[in-house]
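# Remarks on the overall topology
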Amino acid sequence: MAERDNKVMVGALLLLAGGIIGAGVALMYAPQSGEKTRKEIGRYAKKARRKGEEALEAVEDFTEQVGEMAEAVGERANEILDRGKDMAYSAKKGLLKALEDGEARLMKERSRLAKLIG
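Here is a short report on the structure shown in this document. (Residues numbered from 1 in each chain as written. Predicted model: local features only at pLDDT ≥ 70, side-chain atom pairs only at ≥ 80, totals over all residues. Heavy atoms only, no water.)

## Let's talk about the overall build of the protein
Along its length, the protein carries 2 helices and 0 strands. For a compact globule of 118 residues, the expected C-alpha radius of gyration is about 13 Å, and the protein comes in at 36 Å, more than 25% above that figure. Over its C-alpha atoms, taken along the principal directions, the protein stretches across nearly 125 × 20 × 10 Å. Looking at the protein residue by residue over its 118 residues, the buried ones come to 3%. A total accessible area of about 10,400 Å² is found for the protein, and carbon and sulfur atoms account for 61% of it. (Helix = DSSP H or I, 4+ residues; strand = E, 2+ residues; numbered from the N terminus. Rg over C-alpha atoms; globule rule 2.2 N^0.38 Å. Buried < 20%, exposed > 50% of the residue type's maximum accessible area, 1.4 Å probe, protein only. Areas by Shrake-Rupley, 256 points an atom, 1.4 Å probe, with all protein chains shown as cover.)

## Considering a positive patch on the surface
On the surface, a cluster of positive charge is contributed by Lys46, Lys47, Arg49, Arg50 and Lys51. The residue lysine 46 is located in helix H2 (residues 34-117) in this model. Accessibility expressed as a relative area gives 55% for lysine 46, which makes it exposed. (Patch = residues over 30% accessible without salt bridge, like charges linked within 9 Å, V, L, I, M, F, W, Y side chains within 5 Å. Salt bridge = Lys/Arg side-chain N within 4 Å of Asp/Glu carboxyl O. Lys, Arg positive; Asp, Glu negative; His and termini not counted. Charge placed at Lys NZ, Arg CZ, Asp CG, Glu CD.)

## Overview of the pattern of salt bridges
Going through the model one piece at a time under the given rule, you end up with 5 salt bridges. Between aspartate 101 and lysine 97 there is a salt bridge, with the nearest N and O atoms lying 3.2 Å from each other. Of the two residues, aspartate 101 and lysine 97 are both situated in helix H2; the distance of 4 residues between them amounts to about one turn of the helix. Note that arginine 112 and glutamate 109 form a salt bridge whose closest N and O atoms lie 3.0 Å from each other. Of this pair, arginine 112 and glutamate 109 are both found in helix H2, 3 residues apart, which corresponds to roughly one turn of the helix. Accessibility expressed as a relative area gives 38% for glutamate 109, which makes it partly exposed.

## Looking at a nonpolar patch on the surface
Together, Ile21, Val25, Met28 and Tyr29 line one region of the surface with nonpolar side chains, adding up to about 510 Å² of accessible area. Following the sequence through the fold, tyrosine 29 ends up in the loop between helix H1 (2-28) and H2. With a relative accessible area of 72%, tyrosine 29 lands in the exposed category.

## Comments concerning a negative patch on the surface
Together, Glu53, Glu54, Glu57, Glu60, Asp61, Glu64, Glu68, Glu71 and Glu75 line one region of the surface with negative charge. Residue position: glutamate 71 is located in helix H2.

## Some remarks on the environment of glycine 102
Here glycine 102 shows up in helix H2. The spatial distance from the C-alpha of glycine 102 to the C-alpha of alanine 45 is 84 Å, given a sequence separation of 57 residues.

## Structural notes on H2
The terminal C-alpha atoms of H2, which comprises 84 residues, lie 120 Å apart, in line with the 124 Å expected from a rise of 1.5 Å per residue. Taken as a whole, H2 has its buried residues at Thr37, Ala48 and Ala55. (Expected span 1.5 Å × (residues − 1).)

In structure tokens, the structure reads:
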């Protein structure tokens, strides 16, 4: 999911860059005075810079969200690991108890058979 969002963000930035370059070339070849063209380029540059800053803020926000998500996933993984350790410990205790019970039954049966045999 994050990879898809990253591709969308890169695509949007490339589209924006292509638009900026295309507009700049169009302004260069426009049939108007140089002074007017320079003013247009200046306005466009300010607009592009503002949009670039907005895009940078969006990327920073996205990066922060991904970092928070990664931290949450790490915490959840640690919780699951701890729970798994507890379950393994409980299973080991149950197995030892079953072995002890089996050993006690075996001893009881051995005693009973010894009495029958003589």
